[in-house]
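# Observations on chain architecture
Residues per chain are reported as follows:
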Amino acid sequence: MQKTFAMIKPDAVERNLIGKILSRVEEEGFKISGLKLVEMSKKQAEGFYSVHSDRPFFNDLTAYMSSGKTVLMVLEREDAISHWRTVMGATNPEEANEGTIRKEFGESIERNSTHGSDAVETASEEISYWFSGFEI
């Protein structure tokens, strides 16, 4: 079993899509081993996305991510990282495959409804950023 970090972003929470996305998580065979609803501060968003701090979109990204509630998840299954990324679809909803979460629910590159770790190391860092050991 592999763990990955996943997030339902503010745009999807705002549009009441939590249940639909969680249903998809379960349909895809993931075990949810950590789950919480947070409203991240700008400082928390900046820390979480610090890898992008030199990018021109950093300020807009962190402002958006701190604009409303977000669902944070730790998901488990075989090949969890790559499977979740496939289920989410391409970052740009217009380029995402039919049947993916981002194709179905995403509004734009920024407001694309979900996030997922891209590697084992990233998953570990992202999980530990939001969850303590006893929460998983």
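Just so it is clear, the model here is predicted, and its values are computed rather than measured.

About the criteria used
Along each chain, the written sequence defines residue order, and numbers are assigned to residues from 1. Per-residue local features are limited, in this predicted model, to residues with pLDDT of at least 70; the limit for side-chain atom pairs, both in listing and counting, is 80 or more; totals at the level of whole chains, interfaces and linings are taken over all residues. To obtain the side-chain values, all non-hydrogen atoms of the structure were included, while hydrogens and water were left out. To qualify as a helix, a DSSP run of H or I must reach at least 4 residues; to qualify as a strand, a run of E must reach at least 2; elements of each kind are numbered from the N terminus. Every radius of gyration here is taken over C-alpha atoms, with the globule rule written as 2.2 Å times N^0.38, N being the number of residues. Contacts are residue-level and defined by heavy atoms, with any inter-residue pair within 4.5 Å sufficient. Under this definition, polar contacts are N or O atom pairs within 3.5 Å; protein pairs additionally need one hydrogen-donor-capable and one acceptor-capable atom, and for neighbouring residues in sequence, both atoms have to be side-chain atoms. Buried residues are those whose accessible area, probed at 1.4 Å on protein chains only, stays under 20% of the maximum for their type, while exposed residues exceed 50% and partly exposed ones sit between those limits. The arc in question is the one traced by the directions running from the helix axis out to the C-beta atoms. At least two DSSP bridges between two strands are required for those strands to pair. Throughout, an axis means a line fitted to C-alpha atoms (over the contacting stretch in the case of helices), and angles, computed between N-to-C directions, take values from 0 to 180 degrees. By convention a nonpolar core is built from buried Ala, Val, Leu, Ile, Met, Phe, Trp, Tyr and Cys residues, the set being connected through side-chain atoms within 4.5 Å.

Broken down by element type, the protein chain carries 7 helices and 4 strands. Against the 2.2 N^0.38 benchmark of 14 Å for 136 residues, the protein chain shows a C-alpha radius of gyration of 14 Å, consistent with a compact globule. A principal-axis box enclosing the C-alpha atoms of the protein chain has dimensions of 35 × 35 × 25 Å. Counting only contacts in the protein chain whose residues sit at least 6 apart along the sequence, the fraction spanning at least 24 positions is 74%.

Okay, the side chain of Asp11 next. In this fold, Asp11 is placed in helix H1 (residues 10–14). There is a polar contact of 2.3 Å between the side chain of Asp11 and the side chain of Tyr64.

Moving on to helix H5 (residues 80–88). Residues Ala80, Ile81, Trp84, Val87 and Met88 constitute the buried set of H5. Buried residues in H5, looked at end-on, bunch into an arc of 130°, giving them a common side. If you follow the buried residues of H5, they end up packed against strand S1 (2–8), helix H2 (18–27), strand S3 (70–77), helix H6 (101–105), strand S4 (114–116) and helix H7 (120–130).

On the basis of which strands lie adjacent, the open sheet formed by 4 strands has the order S2-S3-S1-S4 and antiparallel pairing. Only two strands of the sheet have a single partner each, and these edge strands are strand S2 (31–38) and S4. Taking each pair of neighbouring strands and ignoring which way they run, the sheet shows an average axis angle of 20°. For S2 and S3, the ladder comprises 7 bridges, and the chain directions are antiparallel.

The next subject is the nonpolar core. Ile8, Ile21, Met73, Leu75 and Trp84 are the most contacted members of the largest nonpolar core, which has 18 residues in total. Among the secondary structure elements, those contributing two or more residues to this core are S1, H1, H2, S3, H5 and H6. Considering every element that reaches this core, the biggest residue donor is H5, with 4 residues. If near-sequence neighbours (up to four positions away) are discounted, Leu75 is found in contact with Gln2, Lys3, Thr4, Ala6, Val25, Phe30, Lys31, Ile32, Ala80 and Trp84. Within the second largest apolar cluster, 16 residues are counted, among which are Val38, Met40, Ala45 and Tyr64.

All right, on to the side chain of Thr70 then. Note on placement: Thr70 falls in strand S3. Residues contacting Thr70, with those up to four places away along its chain left out, are Met7, Ile8, Lys9, Pro10, Val13, Lys36, Leu37, Val38, Met40 and Met65.

The next thing to look at is unusual backbone geometry. Phi angles above zero are rare outside glycine, and Asn16 is one such case at about 60°. Mapped onto the elements of the fold, Asn16 is located in the loop between H1 and H2. The phi dihedral of Asp79 falls on the positive side, at around 55°, and the residue is not glycine.

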